[in-house]
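Residue-level structural notes
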Amino acid sequence: MSENWIPVSELEAIPDDDVIGVAVNGHQIALYKVDGEVFATDNVCSHGQALLSDGFLEDGEIECPLHQGRFCIKSGKAMCDPLTEDIRTYTTRVEGEEVMLLLD
Ligand code: FES
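Let me sum up the structure you'll find in this document. Because the structure is a prediction, the values reported are computed rather than measured. (Residues numbered from 1 in each chain as written. Predicted model: local features only at pLDDT ≥ 70, side-chain atom pairs only at ≥ 80, totals over all residues. Heavy atoms only, no water.)

Side note on the packing of aromatic side chains
- A full pass over the atoms with the stated rule returns zero aromatic pairs.
- Seen from the ring of Trp-5, Arg-93 lies directly overhead, with NZ or CZ sitting 4.2 Å from the centre. (Phe/Tyr/Trp six-rings, centres within 6.5 Å; stacked < 30°, edge-to-face > 60°. Lys NZ or Arg CZ within 6 Å of the ring centre and 35° of its normal.)

The following block contains the structure:
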């Protein structure tokens, strides 16, 4: 099976220690840059219809803007109430100036 790597953003389009939202093949994806490393998760909160890219990134966790639930951006794990479901994470790699995402 061939791997489905998709270019999703320029590296410099993601501010340091911040998050942006992108649409990839109909998926809403949040891209994070922490210490020069890029992470990706689903952008829609598992608790409601809020975009995590509108939230607040701190200490490797993204805080949802709607009810302040927090997810680990590396594991997608739900860290606190009111969250009951984790979010999906995606593998990324940087090729030159381009951020690539592995989508299956
Ligand atoms: Fe994200 Fe409620 S919608 S915590």
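As for the sheet that holds strand β10 (residues 98-102)
- Spatial strand order, β1-β10-β9: three strands in an open sheet with antiparallel pairing. Sheet topology places β1 (5-10) and β9 (92-95) at the edges, where each strand pairs with a single neighbour. Sheet twist, expressed as the mean angle between neighbouring strand axes with direction ignored, is 35°.
- Across five bridges, β1 lies against β10 in antiparallel orientation. Residue pairing for β10: Glu-10 is matched across the bridge by Glu-98. (Pairing = 2+ DSSP bridges. Helix = DSSP H or I, 4+ residues; strand = E, 2+ residues; numbered from the N terminus. Axes fitted to C-alpha atoms, helices over the stretch in contact; angles between N-to-C directions.)

Some thoughts on the sheet that holds strand β6 (residues 61-63)
- If you walk across this open sheet you meet the three strands as β5-β6-β7, and the pairing is antiparallel. In this open sheet, the two strands that pair with only one neighbour each are β5 (56-58) and β7 (70-72). Direction aside, the axes of adjacent strands within the sheet are offset by 25° on average.
- For β5 and β6, the ladder comprises three bridges, and the chain directions are antiparallel. Bridged to Glu-58 within β6 is Glu-61.

Focus on a negative patch on the surface
- On the surface, a cluster of negative charge is made up of Asp-17, Asp-18, Asp-35 and Glu-37.
- Mapped onto the elements, Asp-18 comes out in strand β2 (residues 18-24). (Patch = residues over 30% accessible without salt bridge, like charges linked within 9 Å, V, L, I, M, F, W, Y side chains within 5 Å. Areas by Shrake-Rupley, 256 points an atom, 1.4 Å probe, with all protein chains shown as cover. Salt bridge = Lys/Arg side-chain N within 4 Å of Asp/Glu carboxyl O. Lys, Arg positive; Asp, Glu negative; His and termini not counted. Charge placed at Lys NZ, Arg CZ, Asp CG, Glu CD.)

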